[in-house]
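Survey of secondary and tertiary structure
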Amino acid sequence: MLGMYNQKPKDPIYSLVINAGVHEVWRVWTEKELLSKWWAPPESSPCIINVNLTHGGAFIYEFINNGRRHHEELIYVQLIKDRRIVMTNALNKDLRPTTQSYITIVIEILARGNTTQFTSKILFRDMRVLRWFSITHWYQGWINNLQYMAQLAESISSPLGVQPIPTPPVQP
């Protein structure tokens with residue numbers, strides 16, 4: 001079950017327990033082929049272009065929103081294998097500040113016996129950006145994507161290997 005709670009109004013935190021090991025959860029966040037299965041809703045025609053898992057490396061993807069193709073780059077600020085990922089669009093690949101920053105994503109992965117406690121904290125630049133994400137129903141999309149991420153991690157944790165995960169429903 002996915003829970004959401006806030007410590008600050010502009011920093012939504014999502015947490016869930018996944019029936020998979022930390023390594024499988026890490027893989028669905030760091031392997032291009034697996035990321036492409038859950039990162040964005042299918043109706044946005046997501047395309048994962050690059051995943052460069054180095055400090056200062058970029059996670060680059062494109063998607064369609066309101067008929068326009070968007071190109072996004074998130075820079076990896078911190079990578080602790082099987083434990084933590086911090087990525088942001090506040091920096092470019094040379095680690096210089098950007099003028100178009102609006103988000104930092106902090107991912108925590110913690111072993112809990114045979115399961116994994118997963119937490120994502122979304123840090124928005126300001127309340128104006130937070131309101132825009134709220135108006136566009138981004139939160140529900142993020143929750144849906146995290147649920148598919150969890151299902152994918154569970155499927156690759158299965159002794160049978162990667163199992164098909166249900167296709168995410170198209171949002172109206």
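Worth saying up front: this structure is predicted, and the values here are computed from it rather than measured.

1. Here we look at helix 3 (residues 127–135)
- All of the buried residues in helix 3 are Val-129, Leu-130 and Phe-133. End-on view of helix 3: buried residues confined to an arc of 100°, all on one side of the axis. Residues Arg-128 and Ile-135 are exposed on helix 3 and point more than 90 degrees away from its buried face.
- Taken together, the buried residues of helix 3 touch strand 2 (12–18), strand 8 (115–124) and helix 4 (138–157).

2. Points about the environment of Cys-47
- In this structure, Cys-47 sits in strand 3 (residues 47–51).
- Residues Cys-47 and Tyr-61, 14 residues apart in the sequence, show an inter-C-alpha distance of 5.5 Å.
- Beyond its immediate chain neighbours, meaning those up to four positions away, Cys-47 contacts Ile-60, Tyr-61 and Glu-62.

3. Let's talk about the pairing of strand 3
- In this structure, strand 3 lies alongside strand 4 (residues 58–65), joined through four bridges in antiparallel fashion. Within strand 4, the position partnered with Asn-50 by the bridge is Ile-60.
- The hairpin formed by strand 3 and strand 4 contains six residues between the paired strands, and Gly-56 there has a positive phi angle of roughly 90°.

4. A short note on the nonpolar core
- Among the nonpolar cores identified, the biggest contains 44 residues, and Trp-29, Trp-38, Trp-39 and Phe-59 are the most heavily contacted of them.
- Top contributing element to this core by residue count: helix 4, with 10 residues.

What counts and what doesn't
Residues numbered from 1 in each chain as written. Predicted model: local features only at pLDDT ≥ 70, side-chain atom pairs only at ≥ 80, totals over all residues. Heavy atoms only, no water. Buried < 20%, exposed > 50% of the residue type's maximum accessible area, 1.4 Å probe, protein only. Helix = DSSP H or I, 4+ residues; strand = E, 2+ residues; numbered from the N terminus. Arc of directions from axis to C-beta. Contact = heavy atoms within 4.5 Å. Pairing = 2+ DSSP bridges. Core = buried A, V, L, I, M, F, W, Y, C linked by side-chain atoms within 4.5 Å.

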